[in-house]
Amino acid sequence: CCCDHLHEMGLSHCDVKLLNWVRLSDGTWRSTDFDAARRIGEELDDTKELSTAFTPPETFIILGNKVTTRVRKTDQEAPYEPLVVGPPFDIWSNTVCFYSFVAHKPLFP
């Protein structure tokens, strides 16, 4: 898997979603769109919008009566721990994609 290769290089894709998978004419699949990739252990900031249907649950937090992401705004102090990039981020997203491929429907409509 491309994510395994990225993780071995110390990177996380951070934007695995259905639109970023391409099926080639020989039947193999390729991952695309690496502009959101980050170093493992790096704090995820607001420079890239998250694809929320493919984002792991630990990305979200409830503040009062509002659900928000744990991504900090660069100039803002947040009342929660920063979201740190790592392989689990990509594993969750790949699992959601796999479910969608097999079930022919989104996991989260």
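Above this note sits the structure.
Residues numbered from 1 in each chain as written. Predicted model: local features only at pLDDT ≥ 70, side-chain atom pairs only at ≥ 80, totals over all residues. Heavy atoms only, no water.

Visitor: When you look at the side chain of serine 100 in this model, what are you seeing that I'm missing?
Guide: Tracing the sequence through the fold places serine 100 in helix 2 (residues 87–103). Using a relative accessible area of 9% as the deciding quantity, one classes serine 100 as buried. Beyond its immediate stretch of four places on either side in the chain, serine 100 contacts Leu18, Lys105, Pro106 and Leu107. (Helix = DSSP H or I, 4+ residues; strand = E, 2+ residues; numbered from the N terminus. Buried < 20%, exposed > 50% of the residue type's maximum accessible area, 1.4 Å probe, protein only. Contact = heavy atoms within 4.5 Å.)

Visitor: I tried to follow the pairing of strand 6 (residues 66–69) on my own but got confused; where do I start?
Guide: The two faces of the sheet receive side chains in turn, since in a regular strand these alternate between them. The pairing of strand 5 (residues 60–63) with strand 6 spans four bridges and is classified as antiparallel. Looking across to strand 6, one finds that isoleucine 61 is bridged to threonine 68. A loop of two residues connects strand 5 with strand 6, the two strands running antiparallel in sequence, and glycine 64 in this loop sits at a positive phi of about 70 degrees. (Pairing = 2+ DSSP bridges.)

Visitor: Explain the nonpolar core here, please?
Guide: Inside soluble globular proteins, nonpolar side chains tend to come together where they are buried. Core analysis: the largest hydrophobic core is formed by eight residues, namely Cys14, Ala36, Leu44, Leu50, Val71, Leu83, Val85 and Phe89. Core analysis: the second largest hydrophobic core is formed by six residues, Val16, Trp21, Phe54 and Val96 among them. (Core = buried A, V, L, I, M, F, W, Y, C linked by side-chain atoms within 4.5 Å.)

Visitor: I would appreciate a short explanation of the pattern of salt bridges in the present structure.
Guide: Two side chains that carry opposite charge are able to pair once their charged atoms sit near each other. All chains considered together, the criterion is met by two salt bridges. The shortest N-O distance in the salt bridge between lysine 17 and aspartate 15 comes to 3.9 Å. For lysine 17, a relative accessible area of 18% puts it in the buried group. Where arginine 38 meets glutamate 42, a salt bridge forms, and the shortest distance between an N and an O atom there is 3.9 Å. (Salt bridge = Lys/Arg side-chain N within 4 Å of Asp/Glu carboxyl O.)

Visitor: In this structure, what is going on with the side chain of arginine 38? I would like to understand it.
Guide: Position of arginine 38 relative to the elements: it lies in strand 4 (residues 38–39). In this structure the side chain of arginine 38 is engaged in a polar contact, spanning 3.2 Å, whose partner is the backbone oxygen of alanine 36. (Polar contact = N/O pair within 3.5 Å; in protein donor to acceptor, adjacent residues only side chain to side chain.)

Visitor: Can you walk me through the packing of aromatic side chains in this structure?
Guide: To describe a pair of aromatic rings, one takes the distance between the centres and the angle between the planes. Under the counting rule described, the total for this entry stands at one aromatic pair. With a centroid separation of 4.9 Å and an interplanar angle of 40 degrees, the aromatic rings of tryptophan 29 and phenylalanine 101 are classed as tilted. On the criterion of sequence distance, the pair formed by tryptophan 29 in strand 3 (residues 29–31) and phenylalanine 101 in helix 2 is long-range, its members being 72 residues apart. With a relative accessible area of 32%, phenylalanine 101 lands in the partly exposed category. (Phe/Tyr/Trp six-rings, centres within 6.5 Å; stacked < 30°, edge-to-face > 60°.)

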